[in-house]
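# Descriptive structure summary
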Amino acid sequence: LAAGFIKQAHALGYDYIAMILKANFWNTKNRIALFREFRPARIRPFGWRIDFTGGGNNHFDCILVVWQPPYQGRCEFCDPMEKPKARSQLSLF
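Report follows, based on the coordinates. (Residues numbered from 1 in each chain as written. Predicted model: local features only at pLDDT ≥ 70, side-chain atom pairs only at ≥ 80, totals over all residues. Heavy atoms only, no water.)

### So, the overall build of the protein chain
Looking only at helices and strands, the protein chain has two helices and four strands in total. Along the protein chain, helices (α) and strands (β) appear in the sequence α-β-α-β-β-β when read from the amino end. Projected onto the principal axes, the alpha-carbon positions of the protein chain cover approximately 35 × 25 × 25 Å. Put simply, the protein chain has 93 residues, and 28% of those count as buried. Looking at the protein chain as shown, the accessible area adds up to about 6800 Å², and 51% of this sits on carbon and sulfur atoms. One finds the centroid of the 13 positive side-chain charges in the protein chain at a distance of 6 Å from the centroid of its 7 negative side-chain charges. (Helix = DSSP H or I, 4+ residues; strand = E, 2+ residues; numbered from the N terminus. Buried < 20%, exposed > 50% of the residue type's maximum accessible area, 1.4 Å probe, protein only. Areas by Shrake-Rupley, 256 points an atom, 1.4 Å probe, with all protein chains shown as cover. Lys, Arg positive; Asp, Glu negative; His and termini not counted. Charge placed at Lys NZ, Arg CZ, Asp CG, Glu CD.)

Written out as structure tokens, the structure is:
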């Protein structure tokens, strides 16, 4: 469903779009055109696996993908984010 969300967010004309995606989201031939049409400004990997359920089941390697339409420059791959020490310290940017 992520590809549809990416397209819809751009269609709505947002100035800034950020999504947490599986780390291998772009690793498919079918998404190369999506990447080129909606070129991210930057991609930042998480340095830990996110536990989306709170149950200790950390299954997904994730990346933060940021778009700033109508950005057409090179996509910047940033340093991995470190796991926050406390919940109140979480900052994705």
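### A look at the packing of aromatic side chains
In this structure the tally under the stated criterion is three aromatic pairs. Geometrically, the ring pair formed by W26 and F35 is edge-to-face, given 5.0 Å between the ring centres and 85° between the ring planes. Both residues of the pair, W26 and F35, count as buried. Ring centres 5.0 Å apart and planes at 80° place the aromatic pair F46 and W48 in the edge-to-face group. Relative accessible area serves as the criterion here: at 10%, F46 is assigned to the buried category. A relative accessible area of 17% means that W48 is categorised as buried. Lying over the aromatic face of F25, R31 brings its terminal NZ or CZ to 4.0 Å of the ring centre. (Phe/Tyr/Trp six-rings, centres within 6.5 Å; stacked < 30°, edge-to-face > 60°. Lys NZ or Arg CZ within 6 Å of the ring centre and 35° of its normal.)

### Quick look at the pairing of strand β3 (residues 62-67)
In terms of burial, β3 is largely enclosed, as six of its six residues are buried. Because side chains alternate across β3, one face comprises the buried residues C62, L64 and V66, and the other comprises I63, V65 and W67, equally buried. With four bridges joining them, strand β2 (residues 42-45) and β3 adopt antiparallel strand pairing. For I43, the partnering residue across the bridge sits in β3 and is V65. (Pairing = 2+ DSSP bridges.)

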